[in-house]
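Coordinates in review
If you want the building blocks of each chain, they are given just below.
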Amino acid sequence: MSIMSLTLPVQDEAVLARRGEIVAALRAIVPGEGVIDAEREMRPYESDGLTAYRQLPMVVVLPQTTAQVSAVLRYCHANGIRVVPRGAGTSLSGGALPLGDAVLLGMGKFKRIREIDFANRVVVAEPGVTNLAVSTAVAHEGFYYAPDPSSQIACTIGGNVAENSGGVHCLKYGMTTNNVLGCELVLITGEILRLGGKHLDAGGYDLLGIVTGSEGLLGVVTEVTVRILKKPETARAVLVGFASSEDAGACVGAIIGAGIIPGGMEMMDRPAIHAVEEFVHAGYPLDVEALLIVELDGPSAEVDHLLERVESIARACRASVVRVSTSEEERLLFWAGRKAAFPAVGRISPDYYCMDGTIPRAQLPLVLARMREMSEKYGLRVANVFHAGDGNLHPLILYDANVPGELDRAEAFGTEILRLCVQVGGVLTGEHGVGVEKRDLMPDMFTEIDLAHQQRLKCAFDEKGLLNPGKVFPTLHRCAELGRVHVHHGHTAFPDIPRF
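Notes on the structure in this doc start here. Keep in mind that what you see is a predicted model, and the values were worked out from it rather than measured.

Quick notes on the rules
- Residues numbered from 1 in each chain as written.
- Predicted model: local features only at pLDDT ≥ 70, side-chain atom pairs only at ≥ 80, totals over all residues.
- Heavy atoms only, no water.
- Disulfide = S-S within 2.5 Å.
- Helix = DSSP H or I, 4+ residues; strand = E, 2+ residues; numbered from the N terminus.
- Buried < 20%, exposed > 50% of the residue type's maximum accessible area, 1.4 Å probe, protein only.
- Pairing = 2+ DSSP bridges.
- Contact = heavy atoms within 4.5 Å.
- Axes fitted to C-alpha atoms, helices over the stretch in contact; angles between N-to-C directions.
- Phe/Tyr/Trp six-rings, centres within 6.5 Å; stacked < 30°, edge-to-face > 60°.
- Core = buried A, V, L, I, M, F, W, Y, C linked by side-chain atoms within 4.5 Å.
- Parallel < 35°, antiparallel > 145°, perpendicular 65-115°, else oblique.
- Left-handed = near helix turned anticlockwise from the far one by under 90°.
- Nonpolar A, V, L, I, M, F, W, Y, C, P; charged D, E, K, R; others polar.

Thoughts on the state of the cysteines
Counting across every chain of the model gives one disulfide. Cys459 shares a disulfide with Cys479; S-S distance 2.0 Å. Here Cys459 and Cys479 share a disulfide; its torsion about the S-S bond, -90°, makes the bridge left-handed. Taken together, the residues Cys459 in helix α17 (residues 448-461) and Cys479 in the loop between β20 (476-477) and β21 (491-492) connect sequence positions 20 residues apart. What makes Cys459 buried here is its relative accessible area of 16%. Left unpaired, Cys183 is separated from the closest cysteine sulfur, that of Cys155, by 17 Å. Taking relative accessible area as the criterion, Cys183 reaches 3% and is therefore assigned buried.

The structure is reproduced here in structure tokens:
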């Protein structure tokens, strides 16, 4: 099913009729410039990074304190008003797409680092603090925050928690869920919860694990406690070029199979390599079909030994180019190219559709070959950028929205890629989330019973279904109906999402 058929919940006309009253009530809670209700001023909030779909919210509210968030949610709960939480709007799955009858709750003013605790190796930050800002704040003491999405200069810690973001170093150091120790969460009822803290693990059920990656369906995060790490003694990166993507994919499996866990291991194919090199001038070889960036970190002696082993494995996999960074500046340049891949590809195509799926590493050669066949089938180019070490794929499907039918073909192409990921034993998302983009593909991965159980969990936090409805679940069942094992009735219909 293509995402061209995606829909949002039916608008509540009774709520829309009370818009003036709602805006006035919100202004009483968040005074000054904290409420935006003029169409022109709300335009920046009409979509997130999945810009093909846009919808003006009913009203935007920008609280500055946890008490204000609690009061806004309590009011909305009491009055049956839907709420869509939003961070920086960098989500690529439509997770922050507004609803026309809902309050859009923007958390951009929560941008303070509340505490830096080097003794316990944690930072306590508000959700609007950018990912990169955490590392910058602790760099003077030789620390950093490990998860590093390519959008880290703009994406926020709160959004990282919502989507369980990763980045180029997630192979060794884990995703957001492996680096968050605690959070403050406001429920739709206005109740404020504290989960976890500075300690390594909390007793009882893993509620923090449930919240991380919940895409704004369970509550609104107002504070996050993250683990910071000491920078490794040495870090060196190696560029490895191959005559085929299949050889590069085989090399990824061989390195991990040898018991080597790099700090990061990324892959790009020829279209991505050329786009990046023209944009960043990182020194990438242009006569290869695929390029791996493999980073080893740790004590100098260990890094030197592992580099030798990686080079030997790469040669055995028919690598044609092996180039090891000789300075910290060169290592950073190698990574600057990879992190600029998305904007670089934007220079070679009017539009592109960024996919996100995860597969078992051993299936990488097969999936790459199948994607080439799909590219010919749909008549669209694809530039591949992968977190190769953990099998997280980011194919960039190139199209021109001004050419009739190309967006439809791009979406159909993307749908086939995601279905292939599931077929080979993978999953629909690695770090971008489900949102609206992959919502209608959830039955490809989960049975109806699986989805019903997941919705029961949401009902425990949000019985009225007011938080971010229309996301993740292909059918909205009423909580009272979910006591049945087989759910067939009581769902809410979805009308079409405006697409541009």
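From this point, the narrative continues.
As for the sheet that holds strand β4 (residues 102-106)
Strand order across the open sheet formed by four strands is β1-β2-β4-β3, with mixed pairing between neighbours. Of all strands in the sheet, those with a lone pairing partner are β1 (35-36) and β3 (82-86), marking the two edges. Relative to β4, β3 runs parallel, the two being bridged by five bridges. Paired with Val84 across the bridge in β4 is Leu104. The strands touched by helix α4 (residues 66-78) within the sheet are β2 (59-61), β3 and β4, with β4 carrying the most contacts at an inclination of about 170°.

Observations regarding the packing of aromatic side chains
Within this structure, the stated rule accounts for three aromatic pairs. Here the aromatic rings of Tyr144 and Tyr173 are separated by 6.4 Å at their centres, their planes lie at 85°, and the arrangement is edge-to-face. One end of the pair, Tyr144, is in strand β7 (residues 143-144); the other, Tyr173, is in helix α7 (residues 170-173), and 29 residues separate them in sequence. When the ring of Tyr378 is compared with that of Phe413, the centres are 5.4 Å apart and the planes differ by 15°; the resulting orientation is stacked. With Tyr378 in helix α14 (residues 364-378) and Phe413 in helix α15 (residues 406-423), the pair connects residues that are 35 residues apart, well separated along the chain. Each member of the pair Tyr378 and Phe413 is classed as buried.

Concerning the pairing of strand β12 (residues 234-242)
Across the nine residues of β12, eight count as buried, placing the element largely inside the fold. Relative to strand β14 (residues 290-298), β12 runs antiparallel, the two sharing nine bridges. Within β14, the position partnered with Ala237 by the bridge is Glu295.

A look at the nonpolar core
Formed by 67 residues in total, the largest nonpolar core has its most connected members in Met267, Leu292 and Ile397. Among the elements that make up this core, the one with the highest residue count is α15 (eight residues). Not counting the four nearest positions on each side in its chain, Ile397 is found in contact with Asp351, Tyr352, Tyr353, Met355, Leu380, Arg381, Val382, Ala410, Phe413, Gly414 and Ile417.

So, the packing of α14 against α15
Contact pair α14 / α15: the axes reach a minimum separation of 10 Å and the direction vectors enclose 160°. Relative to α15, α14 is oriented roughly antiparallel. Considering only the axes of α14 and α15, their crossing is right-handed. Mapping the contact onto sequence places Val367, Arg370, Met371, Met374, Ser375, Lys377 and Tyr378 in α14 and Arg409, Ala412, Phe413, Glu416, Ile417 and Leu420 in α15. Of the residues contributing to the contact of α14 with α15, the split by class is eight nonpolar, one polar and four charged.

In short, shape yes, function no, at least from these values alone.
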